[in-house]
Amino acid sequence: MFWLIILLCVALDQFTKYLVVSHMALGQSIPVIENVLHITYVLNEGASFSLLQGQKWFFIVVTIIVLIVMCFVWHKIPKEDKWLRWSIAVFIGGMLGNFIDRVRQGAVIDFIDIRVFPIWNVADSLLVLSLIAIAIKVLLLETKRKQNHD
């Protein structure tokens, strides 16, 4: 199931990016809901919020290291803890989606534009959602641990 989740996440991310690239010009913006949600095709050579622009190799190396660590961590998680195992698989899928862009073209394709926040993509959404799920799980585990020690 781990590999299937990763594959589905990467496929969804890459398919949406393919649709944008094949139907839009770089810089083009199409309103879905005027001044609320637009599909805007941009390339991001940096990280979130366009930080560290032009540091392609830094991001490639960091991604490889984090992927190795996450795979190691995943193997240490009990099989019964599906929430955490699936969250890590979604995280890895998101990382791989953006990693593919960086390796292939040196920048990440972003297109979800809500006008009050930097433009992002499906992989970014998967990363954020998986980190929230992991944080919730860690907080629940910590709360349970504290209750058992009281």
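Read on for a plain summary of the structure. Not measured: the values here are computed from a predicted model. (Residues numbered from 1 in each chain as written. Predicted model: local features only at pLDDT ≥ 70, side-chain atom pairs only at ≥ 80, totals over all residues. Heavy atoms only, no water.)

Section: the overall build of the chain
From N to C terminus, the chain includes four helices and three strands. Listing every helix and strand of the chain by position from the N terminus yields α-β-β-α-α-β-α. Oriented by its inertia axes, the alpha-carbon framework of the chain measures out at about 55 × 35 × 30 Å. Counting across all 150 residues of the chain, residues that qualify as buried make up 39%. Here the contacts in the chain between residues at least 6 apart in sequence split such that 61% fall between residues at least 24 apart. Surface exposure of the chain reaches about 9,300 Å², of which carbon and sulfur atoms provide 72%. (Helix = DSSP H or I, 4+ residues; strand = E, 2+ residues; numbered from the N terminus. Buried < 20%, exposed > 50% of the residue type's maximum accessible area, 1.4 Å probe, protein only. Contact = heavy atoms within 4.5 Å. Areas by Shrake-Rupley, 256 points an atom, 1.4 Å probe, with all protein chains shown as cover.)

Brief notes about the environment of alanine 25
Here alanine 25 shows up in the loop between α1 (2–23) and β1 (29–33). On a C-alpha basis, the gap between alanine 25 and tyrosine 41 in space is 7.1 Å, while along the polypeptide they are 16 residues apart.

A word on the sheet that holds β1
Spatially, the three strands line up as an open sheet ordered β1-β2-β3, and their pairing is antiparallel. The outermost strands of the open sheet, each flanked by one partner alone, are β1 and β3 (108–113). Neighbour to neighbour, the strand axes of the sheet diverge by 25° on average, direction disregarded. Across four bridges, the pairing between β1 and strand β2 (residues 37–44) is antiparallel. In the strand pairing of β2, isoleucine 30 is matched with isoleucine 39. This element, α1, spans β2 and β3 of the sheet and lies at about 85° to β3. (Pairing = 2+ DSSP bridges. Axes fitted to C-alpha atoms, helices over the stretch in contact; angles between N-to-C directions.)

As for the state of the cysteines
Under the definition given, this model contains zero disulfides. Cysteine cysteine 9 shares no disulfide, and the gap to the nearest cysteine sulfur, in cysteine 71, comes to 13 Å. (Disulfide = S-S within 2.5 Å.)

Quick look at a nonpolar patch on the surface
On the surface, Trp83, Val128, Leu129, Ile132, Ile136 and Leu140 cluster together to form a nonpolar patch covering roughly 600 Å² of accessible area. Residue placement: isoleucine 136 occurs in helix α4 (residues 122–149). Look at isoleucine 136 and you get partly exposed, because its relative accessible area is 38%. (Patch = residues over 30% accessible without salt bridge, like charges linked within 9 Å, V, L, I, M, F, W, Y side chains within 5 Å. Salt bridge = Lys/Arg side-chain N within 4 Å of Asp/Glu carboxyl O.)

Re the nonpolar core
Ranked by internal contacts, the top residues of the largest apolar core, which has 27 residues, are Phe2, Ile6, Ile88 and Ile92. For this core, the secondary-structure elements that each account for two or more residues are α1, α2 (56–76), α3 (82–105), β3 and α4. In terms of residue count, the dominant contributor to this core is α3 (seven residues). Those residues in contact with isoleucine 88 that sit more than four places away from it in its chain are Met70, Val73, Trp74, Ile77 and Ile134. (Core = buried A, V, L, I, M, F, W, Y, C linked by side-chain atoms within 4.5 Å.)

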